[in-house]
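Spelled out, the chains give:
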Protein chains: 2
Amino acid sequence: MPRDEISAAVQRELTVFARRVRGLPSRLQQQLPFVAYSMLSSIEGQEGCRSVDLAALYRLDKSTVSRQVGDLERRGLVARAPDPARGRGQVLRVTDAGRALLDGAARLQRAELARRVVDWSDEELAAFASALQRYNAAEPD
Amino acid sequence: MPRDEISAAVQRELTVFARRVRGLPSRLQQQLPFVAYSMLSSIEGQEGCRSVDLAALYRLDKSTVSRQVGDLERRGLVARAPDPARGRGQVLRVTDAGRALLDGAARLQRAELARRVVDWSDEELAAFASALQRYNAAEPD
DNA sequence: CAGACGGGGTTGTAAACTACAACGTAGCAG
DNA sequence: CTGCTACGTTGTAGTTTACAACCCCGTCTG
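What counts and how
- Residues numbered from 1 in each chain as written.
- Chains lettered and ligands numbered in written order.
- Predicted model: local features only at pLDDT ≥ 70, side-chain atom pairs only at ≥ 80, totals over all residues.
- Heavy atoms only, no water.
- Near = heavy atom within 4 Å.
- Polar contact = N/O pair within 3.5 Å; in protein donor to acceptor, adjacent residues only side chain to side chain.
- Helix = DSSP H or I, 4+ residues; strand = E, 2+ residues; numbered from the N terminus.
- Axes fitted to C-alpha atoms, helices over the stretch in contact; angles between N-to-C directions.
- Parallel < 35°, antiparallel > 145°, perpendicular 65-115°, else oblique.
- Contact = heavy atoms within 4.5 Å.
- Nonpolar A, V, L, I, M, F, W, Y, C, P; charged D, E, K, R; others polar.
- Expected span 1.5 Å × (residues − 1).
- Buried < 20%, exposed > 50% of the residue type's maximum accessible area, 1.4 Å probe, protein only.
- Arc of directions from axis to C-beta.

Here's the deal with the protein's contact with DNA strand C
In the vicinity of DNA strand C, 24 residues are found, and the nearest of them are Lys62(A), Ser66(A), Arg67(A), Arg80(A) and Gln68(B). Take the atoms of DNA strand C that sit within 4 Å of the protein: sugar and phosphate atoms are 54% of them. Within the side chain of Lys62(A), an N or O atom sits 2.5 Å from a base oxygen of DNA strand C. Contacts to DNA strand C include Arg67(A), whose side-chain N or O atom sits 2.3 Å from a base oxygen. At the level of secondary structure, the elements contributing two or more residues to the surface near DNA strand C comprise helix H1 (3-22), helix H3 (51-58) and helix H4 (62-74) of chain A together with helix H4 (62-74) of chain B.

If you want it as structure tokens, here you go:
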């Protein structure tokens, strides 16, 4: 199979995946919309990050992140504090309530994924993970 | 590495990818928003499909597809005709103008992908394609 | 040290995308 | 013929996003 066809297949499958995900505002988790959940999860993953870091990770406008973080704070799921190291900006931290909610959601999400890849070997799954990681790590533009 | 951690990595990378894609309404192609483009591309990929097929592919509500196909038709990029085989519904076809636009966009998209995976071997890329395909093929719920 | 600079964040505004619900239409089966 | 069902459209509302304009406050420069 020529590389062009392989590329086309990658393109096609990535598109299907992307389009499918677009439409789940809250289908994944009733308590928290997908977007808020993923944001919260990232804050937990890199404790002490700032809004601008999240914007960079997801390539979002800072205004978008601002609103989402504000929403999470209003729900009592994250807390903001001035950044002692860099002076400017605020560091984000997941509260206990946030962590609790995250644990519950993570369990559901893990179950869903596990069901999808139930017949994959550990090696296959690991290869998939590293390929995705490599793909995401590539710089755009 | 235990399977749980592998799964978590897959989850994390899929989320990053999904969130990044969400925000490109038209960044990919000035002439046509991403969503319209992918819809048009799918119609070309399975000539003779109906709106309901696209809804199934992307797990979208039929109303959403209806509006998007309507938009494409208004732009003169697709044409609708009654379905001779199944009686009900309309088959979709990409017009010449649609195909021309698609060719231009595909070239850009291919270039972008090629740049991202420039240092991947054919085998690695093929493995990525089939893993994505396998993942997408799994039934939800 | 005063003023410019710029990074981080917020708010106003408008657009795209989507779902759900209600409805219309037309094959198809009894 | 009558009901049923698949396919599609329209009304409506919610979420997510970008862009632009703005504010705040460290940091740098003269």
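After that view, the rundown keeps rolling.
What about the packing of H1(A) against helix H1 (residues 3-22) of chain B?
Close contact between H1(A) and H1(B) brings their axes to 9 Å; oriented N to C, the two are set at 80 degrees. When the axes of H1(A) and H1(B) are compared, the pair comes out roughly perpendicular. Contact with H1(A), carried on its side by Leu14(A), Phe17(A), Ala18(A), Val21(A) and Arg22(A), involves Leu14(B), Phe17(B), Ala18(B), Val21(B) and Arg22(B) of H1(B) and no other residues of that element. Per-class residue counts for the contact of H1(A) with H1(B) are eight nonpolar, no polar and two charged.

Concerning helix H5 (residues 96-116) of chain A
Residues and elements named next belong to chain A. An ideal rise of 1.5 Å per residue puts 30 Å on 21 residues; H5 measures up with 30 Å between its terminal C-alpha atoms. Among the residues of H5, Gly98, Leu101, Leu102, Ala105, Ala106, Gln109, Leu113 and Arg116 are the ones counted as buried. End-on, the buried residues of H5 take up no more than an arc of 140 degrees, which puts them together on one face. Exposed positions of H5 whose direction lies more than 90 degrees from the buried face are Asp96 and Arg107.

A look at helix H6 (residues 122-137) of chain B
For an α-helix, 3.6 residues make a turn, and residues three or four places apart therefore share a direction. Helix length check: H6(B) (16 residues) gives 22 Å between terminal C-alpha atoms against 22 Å at 1.5 Å per residue, within 8%. Those residues of H6(B) that are buried lie in contact with H1, H5 and helix H6 (122-137) of chain A together with H1 of chain B.

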